[in-house]
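Structural features, examined
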Amino acid sequence: MSTQKIFKSLRKAFPLNPSCKSNQEIAENISKTLISTTSFKLPRITSTSFTHLNSHITHLVLSDLRLSIRSCLYFFNYLKQNHAITSQKPDLQAHLTLICRLFKARKFAEARNFLDSSVVDDNVRCPVPVITTMVESLCNETKVTTKLFDMLFRVYSDNRMLKEALGVFDYMKNKGLEFDERSCIVYLLALRNSNQVDSLLKFFHQMVESGVKITVYSMTIAIEVLCREGNTKRARELMDEMIANRGVKPNTFTYNSLIKAYLKRQDFLGVNEILNLMNIDGVSHNAATYALLIDGYSSSGNIKEAERVFGEMHGKGIEPDVQVYTSMISWHSKWGNMKKAFSLFDELITIGIMPNAHTYGALINGLCKSGQMETVDILVNEMQSKGIDLNEVIFNTIVDGYCKIGMINDALKLQEIMEKKGSRADVFFYNTIASGLCKLNHFNAAKRFLFTMVEKGVSPNVVSYTTLITIYCKESNLLEAKRLFKEMECKGHMPSTVTYNSLIDGYSKKENMKEAHNLRVTMEERGLMPDVYTYTTLIHGDCVVGKVDEALKLFNEMTERRLAPNLITYTAMISGLSKEGRMHEAFRLYDEMIKDGLTPDDTVYSSLVESLHSS
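Residues numbered from 1 in each chain as written. Predicted model: local features only at pLDDT ≥ 70, side-chain atom pairs only at ≥ 80, totals over all residues. Heavy atoms only, no water.

1. Description of the overall build of the protein
- Of the regular secondary structure elements, the protein holds 34 helices and zero strands.
- Taken along its principal axes, the extent of the C-alpha atoms in the protein is 125 × 60 × 50 Å.
- For the protein, with 615 residues in total, the buried portion stands at 48%.
- Taking the contacts inside the protein whose residues are at least 6 apart along the sequence as the reference set, 62% of them involve residues at least 24 apart.
- For the protein, the accessible area works out to roughly 30,800 Å², and carbon and sulfur atoms hold 51% of it. (Helix = DSSP H or I, 4+ residues; strand = E, 2+ residues; numbered from the N terminus. Buried < 20%, exposed > 50% of the residue type's maximum accessible area, 1.4 Å probe, protein only. Contact = heavy atoms within 4.5 Å. Areas by Shrake-Rupley, 256 points an atom, 1.4 Å probe, with all protein chains shown as cover.)

2. Thoughts on the nonpolar core
- Among the nonpolar cores identified, the biggest contains 189 residues, and Ile398, Ile539 and Met573 are the most heavily contacted of them.
- Setting aside its immediate chain neighbours within four residues, Ile539 contacts Ala551, Leu554, Phe555, Met558, Thr569, Ala572 and Met573. (Core = buried A, V, L, I, M, F, W, Y, C linked by side-chain atoms within 4.5 Å.)

3. Let's talk about the packing of helix α12 (residues 216–228) against helix α14 (residues 252–264)
- Relative to each other, α12 and α14 sit at 5 degrees, their axes nearing to 9 Å. Judged by the inter-axis angle, α12 sits roughly parallel to α14. Listed contacts from α14 to Val216, Met219, Thr220, Ile223, Glu224 and Cys227 of α12 are Phe253, Thr254, Ser257, Leu258 and Ala261.
- Grouping the amino acids of the contact of α12 with α14 by side-chain chemistry returns seven nonpolar, three polar and one charged. (Axes fitted to C-alpha atoms, helices over the stretch in contact; angles between N-to-C directions. Parallel < 35°, antiparallel > 145°, perpendicular 65-115°, else oblique. Nonpolar A, V, L, I, M, F, W, Y, C, P; charged D, E, K, R; others polar.)

4. Things to note about the pattern of salt bridges
- As enumerated under the stated definition, the model contains 35 salt bridges in all.
- For Glu28, the salt bridge is made with Arg66, and the minimal N-O distance between the two is 2.9 Å. Of this pair, Glu28 sits in helix α2 (residues 23–36) while Arg66 sits in the loop between α3 (55–62) and α4 (69–81), placing them 38 residues apart in sequence.
- For Glu28, a relative accessible area of 26% translates into the label partly exposed.
- The residue Lys386 makes a salt bridge to Glu382 at a minimum N-O spacing of 3.6 Å.
- What makes Lys386 partly exposed here is its relative accessible area of 37%.
- Where salt bridges share partners, they join Glu305, Arg308, Glu312 and Lys316 into one cluster. (Salt bridge = Lys/Arg side-chain N within 4 Å of Asp/Glu carboxyl O.)

5. Some words on the environment of His95
- If you trace the backbone, His95 turns up in helix α5 (residues 92–104).
- His95 sits in the buried class, given a relative accessible area of 2%.
- For His95, the contacting residues outside a window of four places in its chain are Phe76, Pro90, Phe114, Ser117, Ser118 and Val124.

6. Some details on α3
- Of all eight residues in α3, six are buried; the element is thus mostly enclosed.
- Residues of α3 that are buried: Ile57, Thr58, His59, Leu60, Val61 and Leu62.
- Those residues of α3 that are buried are in contact with α2, α4, α5 and α7 (128–138).
- Its side-chain oxygen at 3.1 Å from the backbone nitrogen of His56, Asn54 defines the N-terminal cap of α3. (Polar contact = N/O pair within 3.5 Å; in protein donor to acceptor, adjacent residues only side chain to side chain.)

7. Brief notes about the packing of aromatic side chains
- What the rule picks out here adds up to 19 aromatic pairs.
- Judged by centre distance (4.5 Å) and plane angle (75 degrees), the rings of Tyr187 and Phe203 are edge-to-face. Of this pair, Tyr187 sits in helix α10 (residues 181–193) while Phe203 sits in helix α11 (residues 197–209), and the two are 16 residues apart along the sequence. Neither residue differs from the other here; Tyr187 and Phe203 are each classed as buried.
- On the numbers, 5.6 Å between centres and 25 degrees between planes, the contact of Phe395 with Phe429 is stacked. Within this pair, whereas Phe395 is found in helix α22 (residues 392–404), its partner Phe429 is found in helix α24 (residues 427–439), the two being separated by 34 residues in sequence. For the pair Phe395 and Phe429, a shared accessibility class is recorded, and that class is buried.
- Here the aromatic residues Phe153, Phe169, Phe179, Tyr187 and Phe203 are joined through ring pairs into a cluster of three or more.
- Stacked on the ring of Trp331, the Lys or Arg Lys334 has its end atom at 4.3 Å from the ring centre. (Phe/Tyr/Trp six-rings, centres within 6.5 Å; stacked < 30°, edge-to-face > 60°. Lys NZ or Arg CZ within 6 Å of the ring centre and 35° of its normal.)

8. A look at the layout of surface pockets
- By volume, the largest pocket is sized at about 1,000 Å³.
- Along the wall of the largest pocket there are 41 residues; nearest its centre are Lys260, Ala291, Leu292, Asp295 and Gln323.
- Secondary-structure elements contributing two or more residues to the lining of the largest pocket are α12, α14, α16 (287–299), α18 (322–334), α20 (357–369) and α22.
- The residue makeup of the lining of the largest pocket, split by class, is 17 nonpolar, 17 polar and seven charged. (1 Å grid on protein atoms, 1.4 Å probe; cavity = no way out; pocket = protein on both sides within 12 Å on 5 of 7 lines; lining within 4 Å. Points joined across faces, edges and corners; volume = space filled by probe spheres on them.)

9. Comments concerning the packing of α7 against helix α8 (residues 142–158)
- Between α7 and α8, the shortest axis-to-axis distance is 11 Å and the interhelical angle comes to 160 degrees. Our classification of the angle between α7 and α8 gives roughly antiparallel. Remark: the crossing between α7 and α8 carries right-handed chirality. Every residue of α8 that contacts α7 at Val128, Ile131, Thr132 and Val135 is listed here: Thr145, Leu148, Phe149, Leu152 and Tyr156.
- Looking at the contact of α7 with α8 residue by residue, the classes come out as seven nonpolar, two polar and no charged. (Left-handed = near helix turned anticlockwise from the far one by under 90°.)

10. So, unusual backbone geometry
- The phi dihedral of Asn441 is positive, around 65 degrees, even though this residue is not glycine.
- By the element assignment, Asn441 lies in the loop between α24 and α25 (443–455).
- Classification of Asn441 as exposed rests on a relative accessible area of 56%.
- At Ser476, a residue that is not glycine, the phi angle is positive and equals roughly 65 degrees.
- By secondary structure assignment, the location of Ser476 is in the loop between α26 (462–474) and α27 (478–490).

As structure tokens, then:
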């Protein structure tokens, strides 16, 4: 039948004065037209013939079992797409009527699409109780409604409509309908991805209480979340409960979650317990297990154990991937073993694994720490020849490397190259350059550089403020230093121990020890503990102004707080005691100093000689 003939037939079904026909009659006429239709092309017309179509008629047509699914879909889409012809869009009842037909015809993919649109469309979406009531009125086949509600539960979960999803779950539980654990897993994952930890754990227990079949997959999600929260004790308890009561056996992924959590806390006893359980249960380690162990042992400084695990991985025929090699290279670089780091890098290339930016970054970091900037340049050229660009981390690492050895101009040239590539320098870059200039005693240049940073729209952070405060303190401009200190607090930047130390040093050099000690009290009140530098500065200042007994109290307090005095601390204290002719105390500290493994310098010897002349 042609499109024009279809339209003529539909006009008969929708008379201009529909009151002369009942809903049943109109629906019957539409059904007959659709049954006789062989062509399903939507007519392009603008008639007002369908303006009196209502929800009841739509439902009657869609629920007519004489119509094929194809005819129902044609009619539904016709109404949905031709707004100019009819104001009656498919409502919730139309959606659910069609969905029930699709379920009965086992066309689940199409049913899923319509369910998805019904929950996200503002014109169709309704509360869960409305949907459940309507489905009950449309279909009395338990098997069909169970599958429909299970899919609805999953659709809500996928769309992060978690409250509605739980409403469907509660309805199914109250009606005694069977749950599909896979749908429950979808909901658990949605809760996990939304970081709703408490809700996830509560729902998991609901699953257990409701008799849902618990598999290792749902159990692992719950355990992973507990581990991520650092609650390894409860994670272990849950695993033991599921093994004992449900016969659920953990798999590699379950155990990996626990290993990761224990490694994060550097609880190697816990790690070993899990590894023993894996051996007892016959659960094999996978590449992720070895990667976790290698990174965990390396980060704690136990490179030897990391090497053993790396060797075991090879021995069991599990090929390390680029992540494992990068981890090994990274930690060897950090611990200064560049020979081994490059050996691993060569091995990686030999077996055909392509290094990534992180791999090169690990090597570059180690080289920068040891000042091997020429080798860094070679690596940068190599990685760029392979199409691997410098990322922000590598860029800042190289800048820091140049600054550490005083090559500020080279760092600035690198900035120019990065800016040409469209990369904008961040606060870390400016802080690093300013710090490098300070090490060269180019304080004015450092200040100008940080002022330029602000002019370019980069906001200063704690390090930026601390650098400026340190500069002004060295220039004896304590007024400006204190102004910046107040400004950083007003802008929400919490001063660090280094910030306080700079001010304490500034006031000590001005022999204003009262203000220096007040700053020490303030920092402690704000939860910042004085470090060796803080104590050394105060001890030196007190000794300079002749308050040697106050300095000695601070020196003894360091020991009480388990802070080890360094060479400068001992030198300041010995010098202070020597000037007052307290020879015996000065020599006692000298003996302590030697015992602590510190080598006295000329200043110490000069002070001791002075104490002999003063006594």
